[in-house]
Amino acid sequence: KDVSKLEHLMRDKPLSEREVGAQLINESVAYAESGVCRRKVLLSYFGEEYSKEKCGNCDNCKHPKEKIEAKEEVVMAIKVISKLDERFATEYVIRIITGHLTPQIQMFRHEGIDEFGIGKDKPDHFWNSLIRQLLLEGLLKKDIEEYGVLKLTKKGEDFLKKPKSFKIVLNNLFEEANEDD
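Residues numbered from 1 in each chain as written. Predicted model: local features only at pLDDT ≥ 70, side-chain atom pairs only at ≥ 80, totals over all residues. Heavy atoms only, no water.

## What about the overall build of the protein?
Each helix and strand counted, the protein has nine helices and four strands in total. On C-alpha atoms alone, the protein measures out to a radius of gyration of 17 Å, which is about the 16 Å that the 2.2 N^0.38 rule sets for 181 residues. With respect to the three principal axes, the spread of C-alpha positions in the protein is 45 × 45 × 30 Å. Counting only residues that meet the buried cut, the protein has 36% of its 181 residues in that class. Partitioning the intrachain contacts of the protein with sequence separation of at least 6 by distance along the chain shows that 56% fall at a separation of at least 24. For the protein, the separation between the mean place of its 31 positive charges and that of its 34 negative charges on side chains is 5 Å. (Helix = DSSP H or I, 4+ residues; strand = E, 2+ residues; numbered from the N terminus. Rg over C-alpha atoms; globule rule 2.2 N^0.38 Å. Buried < 20%, exposed > 50% of the residue type's maximum accessible area, 1.4 Å probe, protein only. Contact = heavy atoms within 4.5 Å. Lys, Arg positive; Asp, Glu negative; His and termini not counted. Charge placed at Lys NZ, Arg CZ, Asp CG, Glu CD.)

Dropping the structure here:
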């Protein structure tokens, strides 16, 4: 409900302000839904690295979520980012992976690339979660000066050459809260 209220309040703002606001809202929601160590997520957001896997103090460390193997999906995501010449942000990359056709995708003619729709069997929130965890593990980085464009790191390029096991935590999905709650 808070998210929809914030989005409603932003609708009369200039486009650039709405885009920045939408990105901040998405990052806040991502933090709330994350099943990864909160300390790791926070430090990553501020450009720092937390070397330990778990802090042992946050809700996600005290009550760990189930992890699933995602090696194939990591390869898919990295291939798409590479195929797009590392020029697009998360939302666009996910639309390519899941095969959601938009005017912007048609404008760039990306619906014609082989990778368009390769991950349509999984929902958007899965790919969002995967990309966030790839960022946390240093396989990808966000170019802040280019509005969050996803770039491959050396670690990400190495993974594509020689994929290995990569387990991810599925994010929590919170349903709409009822007014009665």
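## A word on the packing of aromatic side chains
How two aromatic rings sit relative to each other is set out by the distance from centre to centre and by the angle between their planes. As enumerated under the stated definition, the model contains six aromatic pairs in all. Ring centres 4.1 Å apart and planes at 15 degrees place the aromatic pair Phe 88 and Tyr 92 in the stacked group. For the residue pair Phe 88 and Tyr 92, the accessibility class agrees, reading buried in each case. Ring geometry for Phe 126 and Trp 127: centres 5.2 Å apart, planes at 90 degrees, overall edge-to-face. By relative accessible area, which is 0% here, Trp 127 ends up buried. Each member of the aromatic cluster is reached from another via a ring pair, and the members are Phe 88, Tyr 92 and Phe 108. (Phe/Tyr/Trp six-rings, centres within 6.5 Å; stacked < 30°, edge-to-face > 60°.)

## Topic: a nonpolar patch on the surface
On the surface, a cluster of nonpolar side chains totalling about 530 Å² of accessible area is made up of Val 20, Leu 24, Leu 42, Tyr 45 and Phe 46. Counting only elements with at least two residues in the nonpolar patch, the list comes to α2 (15-33) and α3 (38-45). One can find Leu 42 in helix α3. (Patch = residues over 30% accessible without salt bridge, like charges linked within 9 Å, V, L, I, M, F, W, Y side chains within 5 Å. Areas by Shrake-Rupley, 256 points an atom, 1.4 Å probe, with all protein chains shown as cover. Salt bridge = Lys/Arg side-chain N within 4 Å of Asp/Glu carboxyl O.)

## Regarding the state of the cysteines
In total, this model carries zero disulfides according to the counting rule given. Cys 37 takes part in no disulfide bond, and the closest cysteine sulfur to it belongs to Cys 61, at a distance of 3.7 Å. The structure places no disulfide on Cys 58, whose sulfur is separated from the nearest cysteine sulfur, that of Cys 61, by 3.6 Å. Assessed through its relative accessible area of 11%, Cys 58 is described here as buried. (Disulfide = S-S within 2.5 Å.)

## Some details on the nonpolar core
For soluble globular proteins, nonpolar side chains are generally found buried alongside one another. Membership of the largest hydrophobic core comes to 29 residues, with the highest contact counts inside it found for Val 74, Leu 84, Val 93, Leu 130 and Leu 134. If you list the elements that add at least two residues to this core, you get α5 (71-83), α6 (90-98), α8 (124-136) and β3 (149-152). Residues contacting Val 93, with those up to four places away along its chain left out, are Val 80, Ile 81, Leu 84, Phe 88, Ile 131 and Leu 150. Among the nonpolar cores identified, the runner-up in size contains five residues, and Cys 37, Cys 55, Cys 58 and Cys 61 belong to it. (Core = buried A, V, L, I, M, F, W, Y, C linked by side-chain atoms within 4.5 Å.)

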